[in-house]
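# Examination of the molecular architecture
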Amino acid sequence: MSRYAYQQPLSRRGLLTGLGALGLSSAFGLTACSTSTPGGGVQEGPSEADTIKFYGNSLGEDAQKAAWQTIVTGWEKKSGKTVKPVIYPYDQAATQLALAAKSGAFNGVAQGPWQLLVPMGLLADVSDLTKDMELPQKVLDGLRVDGKLYMLPLTASGIGLVCDGRIADEVGLTNGMTVEDFATSLEKIKRQDPDLIPYAAVTKNPDLKDAVHWMWGWGSEVVTEDLKCTIGDAESVAAIEWYKELQDAKLTKAGVARTDARIMFARGQAVMYDDAPLANTFVKSNGGSDALKAAIRPVQRPTAKGLPSFNRFWGSGLACSAGKGEKTNKDFISYVAGDLDAATALYEQSALPPADAKVAARIPALQKDTFQTGFASAVAEHARLSVWDRLSTTAQIDTAIGEGVASILAGQVGVQQGLNDLRKKVETALRQK
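Predicted, not measured: the structure shown is a model, and the values here were computed from it.

### Points about the packing of helix 18 (residues 394-409) against helix 19 (residues 415-431)
Running from N to C, helix 18 and helix 19 point in directions that differ by 170 degrees, and their axes come no closer than 9 Å. Considering the angle they form, helix 18 stands roughly antiparallel to helix 19. Across the interface between the two elements, Gln396, Ile397, Ala400, Ile401, Gly404, Val405 and Ile408 from helix 18 touch Val415, Gly418, Leu419, Leu422, Lys425, Val426, Ala429 and Leu430 from helix 19. Of the residues in the contact of helix 18 with helix 19, the class split is eleven nonpolar, three polar and one charged.

Laid out in structure tokens, this is it:
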């Protein structure tokens, strides 16, 4: 049997059981400071292991498999230890991790929604791994739960605007714009070519959590540090009214998901859309022209009312189980985050720049990559984590926000009423944290 152990497809009953496990705190009666495992035993102190499990989707996806295989092989050769991958599809990560934890089988290093495991007391604090790293402090602060860091960032960036630079130059789309200037540039595009979509903004789920960075830009906190939801305040209403006005004026298009926007942009049907730092690779994978590949560039999000603009944080990282095998788990994470060959593999084969600035500076090709360096300054430097990014209900809150804003954009409910209804759903999820 291959050591690449794929999880079996879930039955409907199994899926519901796994999703039921996402209640976490109530399901297991455990807190983040617990020292007991779901099986009832006392958690062992940090120790070494000859073999560690690696839970995630990367070794099962064509776009990431080569890079991660290089990393796994490199660490095994260096450490003399063995990695046993446990692979599942990205969209099953939450369920699979919850089921592994519930069964008492979770032990090793994991990609995916680490927040779900925090209330169980299963994760190791990886703060010590950051000592010699140069990571964005605001990212570390935003990820800490009760002063502990349970996930070490490998990539730290944001969801930002990318555009066709050729058209952007013609209509004046540039960094430092106000939202009024931004809308004027979009109107110029529409006048020049009515068939073009000036801005292929996300206007339907599953990615309408994008609405959050616009609400931030208008001055709404959305959720405060003490977990009070401000959705429905004057600032968030103004932001969503503006966002809907763009759609009503046909400067954006109704019913667009991120995957749709990527295809439209690559085919030259849209001038701008929102994406992660992988945007230039999506142009290639969706058949974009060589001219567009050379012209794609990031643009700083426009500002409203003189306030700073923000992008939602986007990144990846690794968490690990505490106790048995913890020292080896952390050694693997340190290797992935800090080894030059590992970081170079992730950048060259998966277009993921390292979060550690010291490591990034040692990758010559990255320093010459104008798209990635431009994305770092225009997007990543303005990225912001949401307060709920560290909560076990993070996915539930993002889904609620997406559904709520989607109903407003579809004209099913007015902006104020829709946001008021959305606030109640978010408040319910915050109480379940």
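### What about the pattern of salt bridges?
All told, the structure shown has 16 salt bridges when counted by the stated rule. Lys228 is the partner of Asp226 in a salt bridge, and the nearest nitrogen-oxygen pair spans 3.9 Å.

### Quick notes on the confidence of the model for the chain
In this model, the chain carries an average pLDDT of 90, and 90% of its residues clear a pLDDT of 70 or more. Contacts from residues 1-42, a stretch scored under 50 in pLDDT, to residues over four places away or in other chains number 75 contacts.

### Some details on the pairing of strand 3 (residues 82-87)
In this structure, strand 2 (residues 51-56) lies alongside strand 3, joined through six bridges in parallel fashion. Counterpart to Lys53 in the pairing with strand 3 is Lys84.

### Overview of the pairing of strand 5 (residues 152-164)
Among the 13 residues in strand 5, twelve count as buried, and that is most of the element. Judged from the seven bridges that link them, strand 5 and strand 8 (residues 311-320) form a sheet pairing that is antiparallel. The residue of strand 8 that forms the bridge with Pro153 is Gly317. Bridge count between strand 5 and strand 6 (residues 272-275): four bridges; the pairing is antiparallel. For Leu161, the partnering residue across the bridge sits in strand 6 and is Asp274. Two elements, strand 5 and strand 7 (residues 296-299), share four bridges in a ladder whose sense is antiparallel. Residue pairing for strand 7: Val162 is matched across the bridge by Pro298.

### Examining the packing of helix 3 (residues 62-79) against helix 13 (residues 326-338)
Contact pair helix 3 / helix 13: the axes reach a minimum separation of 10 Å and the direction vectors enclose 125 degrees. Relative to helix 13, the element helix 3 is oriented oblique. Here helix 3 and helix 13 pass one another in a crossing that is right-handed. Residues Trp68, Ile71, Val72, Gly74, Trp75, Lys78 and Ser79 of helix 3 form the contact with helix 13, whose own contacting residues are Thr328, Asp331, Phe332, Tyr335 and Val336. In the contact of helix 3 with helix 13, the residues fall into seven nonpolar, three polar and two charged.

### Thoughts on the environment of Lys138
By the secondary structure assignment, Lys138 is in helix 5 (residues 137-143). When its relative accessible area of 42% is taken as the criterion, Lys138 is described as partly exposed. Residues Lys138 and Leu385 lie 247 residues apart in sequence; the distance between their C-alpha atoms is 8.4 Å. Those residues in contact with Lys138 that lie beyond four places of it in its chain are Ala380, Glu381, His382, Ala383 and Leu385. A polar contact of 3.4 Å, which involves the side chain of Lys138, links it to the backbone oxygen of Ala383.

Each value, and the rule that gives it
Residues numbered from 1 in each chain as written. Predicted model: local features only at pLDDT ≥ 70, side-chain atom pairs only at ≥ 80, totals over all residues. Heavy atoms only, no water. Axes fitted to C-alpha atoms, helices over the stretch in contact; angles between N-to-C directions. Helix = DSSP H or I, 4+ residues; strand = E, 2+ residues; numbered from the N terminus. Parallel < 35°, antiparallel > 145°, perpendicular 65-115°, else oblique. Contact = heavy atoms within 4.5 Å. Nonpolar A, V, L, I, M, F, W, Y, C, P; charged D, E, K, R; others polar. Salt bridge = Lys/Arg side-chain N within 4 Å of Asp/Glu carboxyl O. pLDDT = per-residue confidence, 0-100. Pairing = 2+ DSSP bridges. Buried < 20%, exposed > 50% of the residue type's maximum accessible area, 1.4 Å probe, protein only. Left-handed = near helix turned anticlockwise from the far one by under 90°. Polar contact = N/O pair within 3.5 Å; in protein donor to acceptor, adjacent residues only side chain to side chain.

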